[in-house]
Amino acid sequence: MHVFIGGAYNGKRDYVIGLLTDVPHHWVDCSAGELEIPSGSKVVIDRIEHWLAQTQLPEADAVELILNEIEGKDVIFILTDIGRGIVPMDAEQRKLRDACGRLYQRFIAEADEVTRIWYGLAQTLKKRGEIK
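The shown structure was predicted, so the numbers you read here are calculated from the model rather than taken from an experiment.

Reading guide: rules and limits
- Here the residue numbers are simple positions, counted from 1 along each chain's written sequence.
- Only residues with pLDDT of at least 70 get local features here, since the model is predicted, and only at 80 or more are side-chain atom pairs given and counted; chain-wide, interface and lining totals rely on the full set of residues.
- With hydrogens and water set aside, each side-chain value is computed from the structure's full complement of heavy atoms.
- The helix and strand labels rest on DSSP assignments: H or I over at least four residues marks a helix, E over at least two residues marks a strand, and numbering proceeds from the N terminus.
- We call a residue buried when its accessible area falls under 20% of the maximum for its residue type, exposed when it is over 50%, and partly exposed in between, using a 1.4 Å probe and counting protein chains only.
- Two N or O atoms count as a polar contact when they lie within 3.5 Å, although within protein this holds only if one can serve as hydrogen donor and the other as acceptor, and sequence-adjacent residues are included solely when both atoms are side-chain atoms.
- What makes two residues a contact is simply this: any of their non-hydrogen atoms within 4.5 Å.
- Only protein atoms enter the 1 Å grid used here, on which a cavity is any set of points holding a 1.4 Å probe that cannot leave and a pocket is any open set flanked by protein within 12 Å on both sides along at least five of seven lines; residues with an atom within 4 Å of a point are listed as lining.
- Grid points are joined across faces, edges and corners, and a volume is the space filled by probe spheres set on the points.
- Three classes are used: nonpolar for Ala, Val, Leu, Ile, Met, Phe, Trp, Tyr, Cys and Pro, charged for Asp, Glu, Lys and Arg, and polar for all others, with Gly counted as polar.
- Between N-to-C directions, angles cover 0 to 180 degrees, with each direction set by a line fitted to C-alpha atoms, over the stretch in contact for helices.
- Angle categories: roughly parallel below 35 degrees, roughly antiparallel above 145, roughly perpendicular from 65 to 115, and oblique for all the rest.
- With the far helix as reference, a near helix turned anticlockwise by less than a right angle produces a left-handed crossing, and one turned clockwise produces a right-handed crossing.
- Salt bridges are defined by distance alone: a side-chain nitrogen of Lys or Arg within 4 Å of a carboxyl oxygen of Asp or Glu.
- Grouping buried Ala, Val, Leu, Ile, Met, Phe, Trp, Tyr and Cys residues that are joined through side-chain atoms within 4.5 Å yields what is termed a nonpolar core.

Colleague: Help me get a handle on the side chain of glutamate 113, residues and values and all.
Modeller: If you trace the backbone, glutamate 113 turns up in strand E5 (residues 113-118). A relative accessible area of 13% means that glutamate 113 is categorised as buried. A polar contact is formed between the side chain of glutamate 113 and the side chain of arginine 128, at a distance of 3.2 Å. Setting aside chain neighbours within four positions, we find glutamate 113 in contact with Met1, His2, Val3, Lys126, Lys127 and Arg128.

Below, the structure written as structure tokens:
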């Protein structure tokens, strides 16, 4: 698994698209609240925070469902860091922010590679073979 993380509109998607120009892949956009991960070639999962916000599953069950769905697959996650900045006043938005933080920690702990994208610039945070 390779995780790309960064703030909103920091160039994550464009960066991943550039990496995959000649690579067969499926793009899964979770903004509609659906999570269907195909088998086969490389899979890019984008906007998982939207799925997490819309699912009726308890947080632990949602995390386990995602991890089961990606098991054995070549996956890239594009994660939007929503944990920085102003803490939302709305309780549901705070709950989502916290849930995303815990989910992202789990992905990053299990990822082979983690890259932060900041205004289009890539910074490797974790590389295959390094200590987790």
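Colleague: Please provide a residue-by-residue account of the layout of surface pockets, values included.
Modeller: If you add up the space inside the largest pocket, you get close to 260 Å³. Around the largest pocket sit Leu52, Ala53, Thr55, Leu57, Pro58, Glu59, Glu92, Gln93, Lys95, Leu96 and Ala99, which together line it. Secondary-structure elements contributing two or more residues to the lining of the largest pocket are helix H2 (48-54) and helix H4 (91-110). Among the elements that take part in the lining of the largest pocket, H4 stands out by supplying 5 residues, more than any other. The residue makeup of the lining of the largest pocket, split by class, is 6 nonpolar, 2 polar and 3 charged. Space inside the second largest pocket adds up to approximately 170 Å³. What lines the second largest pocket is simply Glu49, His50, Ala53, Ile82, Arg84, Ile86, Pro88, Gln93, Leu96 and Arg97. For the lining of the second largest pocket, the elements supplying multiple residues, two or more each, are H2 and H4. For the lining of the second largest pocket, the residue count by class is 5 nonpolar, 2 polar and 3 charged.

Colleague: Could you give me a rundown of the packing of helix H3 (residues 59-70) against H4, with the residues and numbers involved?
Modeller: The description of two helices packed together rests on the angle between their axes and the distance between the axes. Here H3 crosses H4 at 30 degrees, and the two axes come no closer than 11 Å. Of the possible angle classes, the one that applies to H3 and H4 is roughly parallel. Crossing of H3 over H4 shows right-handed handedness. In this structure, H3 contributes Glu59, Val63, Glu64, Ile66 and Leu67 to the contact, and H4 contributes Ala99, Arg102, Leu103, Arg106, Phe107 and Glu110.

Colleague: Tell me about the environment of phenylalanine 107, residues and numbers included.
Modeller: Within the fold, phenylalanine 107 resides in helix H4. Take phenylalanine 107: its relative accessible area is 0%, and that puts it in the buried class. C-alpha of phenylalanine 107 to C-alpha of isoleucine 66: the two residues are 41 residues apart in sequence and 9.9 Å apart in space. Those residues in contact with phenylalanine 107 that sit more than four places away from it in its chain are Met1, Val3, Ile48, Ile66, Leu67, Phe77 and Leu79.

Colleague: Outline the pattern of salt bridges, supporting the account with residue identities and numerical values.
Modeller: Working definition: two side chains of opposite charge can pair if their charged atoms are close together. Under the defined criterion, the tally for this structure stands at 9 salt bridges. Note that glutamate 113 is salt-bridged to arginine 128, the shortest N-O span being 3.2 Å. Taken together, the residues glutamate 113 in strand E5 and arginine 128 in the segment after strand E6 (121-126) connect sequence positions 15 residues apart. For arginine 128, a relative accessible area of 57% translates into the label exposed. Because the salt bridges share partners, they merge into one network encompassing Arg13, Asp29, Asp46 and Arg47.

Colleague: I'd like to hear about the nonpolar core, residue by residue, with values.
Modeller: By size, the foremost hydrophobic cluster in this structure holds 28 residues, and its most contacted members are Val3, Ile45, Ile48, Phe77 and Phe107. Those elements that provide at least two residues to this core are strand E1 (2-6), strand E3 (42-46), H2, H3, strand E4 (75-80) and H4. At 6 residues, the largest contribution of residues to this core is made by H4. Not counting residues up to four positions away in its chain, the partners in contact with phenylalanine 77 are Met1, His2, Val3, Phe4, Ile45, Ile66, Ile70 and Phe107. One finds Phe4, Leu20, Ile76 and Ile117 within the second-largest nonpolar core, a separate group that totals 7 residues.

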